[in-house]
Structure formats: C-alpha cells, structure tokens
Amino acid sequence: MGRLLLMWRLIWSDLRRGPGEAVMFVFAVTLATATLALGTATTDAVSTGYVKTRAATAGPDVMATTTDPDPVGIASRLARVSGVAALGGPFFAFDTTIVAHGRPAHSAVEGRDAAPSAVDQPLVTSGGWVRPGGAVVERGFAQALGVRVGDRITVSGRSYPVVGLAISTAVAVYPWSDPAQIGPGDAGGIIWLTTADAHAAVGDATSLYLIDLKLSDPAAAQGFGRSAAVLAIKTDTWLDFHYWPNVLKTDTAIIEFTRPTLVVGGWLLAIAAIVTLAGSATARAARDNRRAALLKAVGAGPQTVIAVQLTQYLLLTVVATALGLTAGTLAAPRLVDPSAGLLDTVGPPDSNTVWAAVFVAVVIALIGTLGPVLRTARTAAVRALADPAHAPTFHPHLNAVTAFLPTSLLLGIRLLAGRPGRAALTCAGTAATTVMVTALLTYHADQDNAPAAVRFGPIQVRNDQTDRVLLAVTLMLVALSALNTVLLGWSSAIQARSTLTIARTLGATPGQTVSALCVAQLLPAIPAVTAGIPAGLGLYRLFGDSVTPPPAWLLTAGLVILAAVGALTALPTWLHTRSPAGRVLDAEPA
C-alpha cells in the first residue's frame, strides 16, 4: 500500500508540474482515437439511424412499382401472398423536374392521402403533412435545395407552398430517393402531394404506382419477388420489386469513401501522436533522469521507476481513449447522414470500435514512451545526476567527411548523425502529413476530371461530405505535425545547447546555429516528402480511381511542407541563440 501511495503522489506531482505536457499527450491521443473510432463506428451508425427511422415511419420491407392500369388488382393479389402482414397503397407517382428558388431539380412526385398509411407513413420533421395545394419535401432533398417550410416550389408549371418536411425509409436518402424511375435514371429526390394534386400535375410525364408491403418475416424480403406466389401474378405491364436491405446498402454507400478516409487518417494521426509523445518524452528526459536517480538513491529499483512513469502515461491514455470514443460516438450520426434523410441516433459504441480505439491508444502510448522510459530506468543514478540529457551518438569518421562543408551544413549533419532517433521521428511525422496532403490533392484532381453531371449534380452531396472529412483529417494531421516540429526543434535546441554554444565561441554566428538545427530537421524531412507523395497516390488508388494530380500541385505541396518544417524549427531555435554563450556554458554541469 505504501508503494502505491508513493507512486500516486509522484504521478500527481509530475502532472501538477507539467500540465501542458499532459494536455498535449491527451490531445494527441484523443485526435487519433476519435478519428479511428469515428471511422469504425460509421457503418453501425448508418444501420442504427436507418432502423430507428424505419420504426418511426412504419417502413416497408418490400417496395413494388408497377405501370399496370389496375394497380388495385395488383395490390390485392400481393396482399394475399403468404407472409404479407400489411399493405400500403397503391400510391400514384411520376418522375419529373421541379423548380425551387429558380433552380431545376430531378424529383419524384408521389400522391398521398391526408390519412396515415399502415405501411410507409413519412415522419414529418417540420411543418405538417400533405393538404390540398401544399407540398411536403423529403428533408434531405429540401436541405440540398435550400427549401424551408413556407417556400414555394414549381411542379409542371404549378406553384405549391412547402407545408412540411418529412423523412421515409421506403426510399434511400437523397440523392438516391427517387422511386418513380423506370429503369436507370439520374439521382434525385422526392416530394409528396395529395393524390388529386399529383394527378393534376402529372402532365406528359410517365406515371406508375407504388405499393409498399410489410412482411411477417422481414429477413425473407429479398426472396419475396422470386416466390412462386408472386411469380404467378400475371401482368402485361412492368412490375418490379425493391427490398429494405438494398435501401440500407444504398444509404451506406454515401460513406463509401468517408469511412476509409477516417480509418486511414486515424492511423496516420496515430503515427503523428507517437512522434508527439516521443518528442515530449525526449524533451523531459533530463527531468525524468534526475527523478529516477533520486528514486534509486533512496532504494527504489528499476521496476518502480518504470512503473511510476508508465502508469502516468497509461492513466492519460485511459482519459484520452474515453474522450476519443465519446467524440467519435457523438459525431458519427451526423457524419454518416449529410443529406439529413435519417433520424440522428447516438448509441454506445460497439465492441469493435472500443477495441480499435483502445488498441491504437495503447500502441501510441507504448511506442511513444517505452523507449525513453526504459532508457531512464537503465541509466545509473550517478550518471543521471551528473548528465541532464541523453548523450548523443558519435561517429569517428564523420569529422573527415564533413570537414570542408559550410558551417551550417557541417553542424547540422553532425547533430543529425548524433541523434538518429530524432531524425526518424521527423521522417515519420513528415511522411504521414505528406501522405494525407497528397491524398487530398488527388481527390480534388479526381473531382476536377469527373463529368459535369457528377461535379454539379445531386451526387455532389456525397462528394462534398468526403471532401469535408478528408480536409478535416488533413488539417488535424497538419496541426499535430506542426506541434511536433516545434516540439522536436525545441528539444533539439535544448540538447544541442552546449554543442552549438561552443560553436558560437569558435566563431559561428547565431544565424549559422539556427540554420544548423534547421538542416538537422530538413535532411530527414526531404526523403519523407519524397516517399510520402507516391505513398499517398498509391493509398488513394486503393479506394478511388487511378488519378494523378498535376505535377505542379505535388511539387508545390512538397516545397510548402519543407518550408513549414524549416520555419517551425527556426522559431524555437532562435530563442536559444538569444542567451549569451558564457551564461549557457556556466549553466551546464561540469
């Protein structure tokens, strides 16, 4: 009990002395776990939202469409098929182009009665249900058109006020919510009028009838159209069936590229988070070494030292994982339904999402901190008290190789060779950022090459969603990478302080010492950018088309990344050059 109390007091004291480091730890791990959790939770969020909306709207299991002139006869024969529990319709419908705010839009118009239907009764989310002379617009379609209750739309030259917005699971979410198409057609939405208004507005459009069926066994829906009883229904006209699993599959397709973006982005953020934690652990190496030495001096063993440090990181990991799971769970319902065609449903994350978040958090914490922790535990107490930092690695033949280089380059290469682990961190973080930036540029190049109907049509709803997610993940990765660059530059300046100060006493200018540290950061960043661009192109091709952005885009992105690395390294380094050389050398231990 005494050892546990001691560990807790040491951990709490460390957290109080360095709250900024703890916040940075939690921030980095939360970003990675939230993004990955969001990616793994999206598919379940679509299913959950669909199920909730289906229950609230008496959603059908089978949707039949027919052009038979006797739809009541077809409906009555379908109602007598074994397994049919309830029937809605037939509902008169036609495919047309409506006008809203002066903008044409492809749409289905469905005639409905004011009385509720036993099967497929759209849920009104704003305003009221259909009435003579008034239209109800599917909510996702209305959002895309910028239509609200009280606005007016035009159908076949007739103007109707919008009296309500509603959602339904008899059709997929916008832009695939047009049930009145015969054969392939453009994406579109749906509006509801009274049956009389729909007949009056049909004009020359081809009309049909919609029949919605509720089965006693919804799992048997996909085999309904192939059953002998249904095949025995004779009609000389068109009769087709759609099933609720197909609607759910179509709804899920709206996040076809969103989910891999989040999952891959989550792992790239995990790499950046590892760099953050490793850089933070390196920056605080002197403090951790001294504390470990003091613990050893009073009798603590290496196991106690390791337990104190790792327990602190694991506690912060638990907090970050909980925050990441919460953020991902709360954001999933809104993210997966950009067209607002489903009810938002927030539920507990499933086991796969929890395990994925826990796994990535533990991997980040262990890889980012285990090396410095073990090194601190193995360092002798006397040496740790005398030496505030981990000694660099010396290469005896490096002097001859770099002797004739310019001062900044000479110092930068020697600093880089002395601490290869820091170079690996810079390379990993820069490569992760480059991969995501390249994927973003490739996506935009892909969209620019798409047909105009895709770039400016209803399908753009899905593309806009993917664009927002890809941009958000890229910005998070850029922000974390910028933090890492500043952190690594600061820790490099601290650990190279005596070396660079001696160089200043031998004639190096402050500008040359700043340039030396920038060189030490830029040299590993150059191969990272060079490898990250083709890696980003290849990663995009795994999930999208084989598209290559203009070379000027990629070259500009690479140069901007390298310039950012140099600038973010120069700032903390410059602060160290402001101290007089004599004061720095006096502050160093003998």
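Here's the deal with the overall build of the chain
Okay, step 1: Broken down by element type, the chain carries 21 helices and 10 strands.
Okay, step 2: Out of the 590 residues belonging to the chain, those deemed buried represent 51%.
Okay, step 3: In the chain, the proportion of contacts linking residues at least 24 apart, taken out of those at least 6 apart, comes to 84%.
Okay, step 4: When the accessible area of the chain is evaluated, it comes to approximately 26000 Å², of which 65% is carbon and sulfur surface.

Here we look at the packing of aromatic side chains
Okay, step 1: As enumerated under the stated definition, the model contains 7 aromatic pairs in all.
Okay, step 2: Seen from their ring centres, Phe92 and Phe94 are 6.2 Å apart, and the 50° between their planes marks the pair as tilted.
Okay, step 3: Given a relative accessible area of 5%, Phe92 falls into the buried group.
Okay, step 4: Relative to Tyr209, the ring of Phe92 has its centre 5.7 Å away and its plane inclined at 65°; by these criteria the two rings are edge-to-face. Of this pair, Phe92 sits in strand β2 (residues 84-100) while Tyr209 sits in strand β9 (residues 207-215), placing them 117 residues apart in sequence.
Okay, step 5: Among the aromatic residues, ring-to-ring pairing joins Phe92, Phe94 and Tyr209 into one connected group.
Okay, step 6: When the ring centre of Phe91 is taken as origin, the NZ or CZ atom of Arg112, which lies over that ring, is 3.8 Å away.

Overview of the pattern of salt bridges
Okay, step 1: A complete count under the given rule lists 3 salt bridges for this structure.
Okay, step 2: When the shortest N-O distance is used, the salt bridge between Asp61 and Arg54 registers 2.1 Å. One exposure class covers both Asp61 and Arg54, and it is buried.
Okay, step 3: Among the ionic pairs, Arg112 bridges to Glu110, the shortest N-O distance being 2.8 Å. Both residues of the pair, Arg112 and Glu110, belong to the buried class.
Okay, step 4: Salt bridges sharing partners connect three or more residues here, namely Glu110, Arg112 and Asp120.

Comments concerning the packing of helix α15 (residues 420-449) against helix α19 (residues 510-543)
Okay, step 1: The N-to-C vectors of α15 and α19 enclose an angle of 35°; their axes lie 6 Å apart at closest approach. Regarding α15 and α19, the two cross each other, and that crossing is right-handed.
Okay, step 2: Considering only residue class, the contact of α15 with α19 consists of 15 nonpolar, 8 polar and 2 charged.

A look at the confidence of the model for the chain
Okay, step 1: The predicted model of the chain averages 77 in pLDDT, with 73% of residues at 70 or higher.
Okay, step 2: Here helix α16 (residues 452-456) stands out as the element of the chain with the lowest mean pLDDT, 47, in contrast to strand β5 (residues 135-138), whose mean of 93 is the highest.

Regarding unusual backbone geometry
Okay, step 1: Note the cis peptide between Gly89 and Pro90, where omega equals 5°.
Okay, step 2: For Pro90, the position within the fold is in strand β2.
Okay, step 3: Within the chain, Ala58 stands out as a residue other than glycine whose phi angle is a positive 50°.
Okay, step 4: Relative to the elements of secondary structure, Ala58 occurs in the loop between α2 (19-56) and β1 (62-66).

A look at a nonpolar patch on the surface
Okay, step 1: Taken together, Leu314, Trp355, Val358, Val362 and Leu366 make up a surface patch of nonpolar side chains, about 430 Å² in accessible area.
Okay, step 2: In terms of residue count, helix α11 (residues 351-378) provides more of the nonpolar patch than any other element does, 4 residues in total.

Here's the deal with the packing of helix α14 (residues 407-418) against α19
Helix packing geometry: the angle between the two helix axes and the distance between the axes.
Okay, step 1: At a minimum axis separation of 7 Å, α14 and α19 run at an interaxial angle of 50°. As summarised for this structure, α14 and α19 are arranged oblique, according to the angle between their axes. The chirality of how α14 crosses α19 is right-handed. Between α14 and α19, the residues in contact are Thr407, Ser408, Leu409, Leu411, Gly412, Ile413, Leu415 and Leu416 and Gln512, Ser515, Ala516, Leu517, Val519, Ala520, Leu523 and Pro524, respectively.
Okay, step 2: Residues of the contact of α14 with α19, tallied by class, amount to 11 nonpolar, 5 polar and no charged.

Here's the deal with the side chain of Arg54
Okay, step 1: Here Arg54 shows up in helix α2.
Okay, step 2: We classify Arg54 as buried; its relative accessible area is 12%.
Okay, step 3: Apart from the residues within four sequence positions on either side, Arg54 is in contact with Gly59, Pro60, Asp61, Thr169, Lys214, Pro218 and Trp244.

Side note on the nonpolar core
Grouped burial of nonpolar side chains is what soluble globular proteins tend to show.
Okay, step 1: Counting 39 residues, the largest nonpolar core has Phe25, Val29, Leu268, Ile364, Met436, Leu477 and Leu480 as its most contacted members.
Okay, step 2: Elements that contribute at least two residues to this core include exactly α2, α8 (258-283), α10 (302-335), α11, α15 and α17 (460-495).
Okay, step 3: By residue number, the principal contributor to this core is α2, which donates 10 residues.
Okay, step 4: In this view, Leu268 contacts Ala432, Val435, Met436 and Leu477; residues no more than four positions away in its chain are not counted.
Okay, step 5: Counting 23 residues, the second-largest nonpolar core is a separate cluster that includes Ala100, Val162, Ala198 and Ala201.

Concerning the side chain of Thr317
Okay, step 1: Counting through the fold element by element, Thr317 comes out in helix α10.
Okay, step 2: Owing to a relative accessible area of 4%, Thr317 belongs among the buried residues under this scheme.

Some points on the environment of Ala220
Okay, step 1: Residue placement: Ala220 occurs in the loop between β9 and α6 (228-231).
Okay, step 2: Judged by its relative accessible area of 40%, Ala220 is partly exposed.
Okay, step 3: Sequence spacing of Ala220 and Tyr243 is 23 residues, and the spatial spacing of their C-alpha atoms is 9.7 Å.

Re the environment of Trp490
Okay, step 1: Structurally, Trp490 is set in helix α17.
Okay, step 2: What makes Trp490 partly exposed here is its relative accessible area of 37%.
Okay, step 3: When the C-alpha atoms of Trp490 and Leu568 are compared, they prove to be 9.7 Å apart, with 78 residues separating the residues in sequence.

Conventions used here
Residues numbered from 1 in each chain as written. Predicted model: local features only at pLDDT ≥ 70, side-chain atom pairs only at ≥ 80, totals over all residues. Heavy atoms only, no water. Helix = DSSP H or I, 4+ residues; strand = E, 2+ residues; numbered from the N terminus. Buried < 20%, exposed > 50% of the residue type's maximum accessible area, 1.4 Å probe, protein only. Contact = heavy atoms within 4.5 Å. Areas by Shrake-Rupley, 256 points an atom, 1.4 Å probe, with all protein chains shown as cover. Phe/Tyr/Trp six-rings, centres within 6.5 Å; stacked < 30°, edge-to-face > 60°. Lys NZ or Arg CZ within 6 Å of the ring centre and 35° of its normal. Salt bridge = Lys/Arg side-chain N within 4 Å of Asp/Glu carboxyl O. Axes fitted to C-alpha atoms, helices over the stretch in contact; angles between N-to-C directions. Left-handed = near helix turned anticlockwise from the far one by under 90°. Nonpolar A, V, L, I, M, F, W, Y, C, P; charged D, E, K, R; others polar. pLDDT = per-residue confidence, 0-100. Patch = residues over 30% accessible without salt bridge, like charges linked within 9 Å, V, L, I, M, F, W, Y side chains within 5 Å. Parallel < 35°, antiparallel > 145°, perpendicular 65-115°, else oblique. Core = buried A, V, L, I, M, F, W, Y, C linked by side-chain atoms within 4.5 Å.

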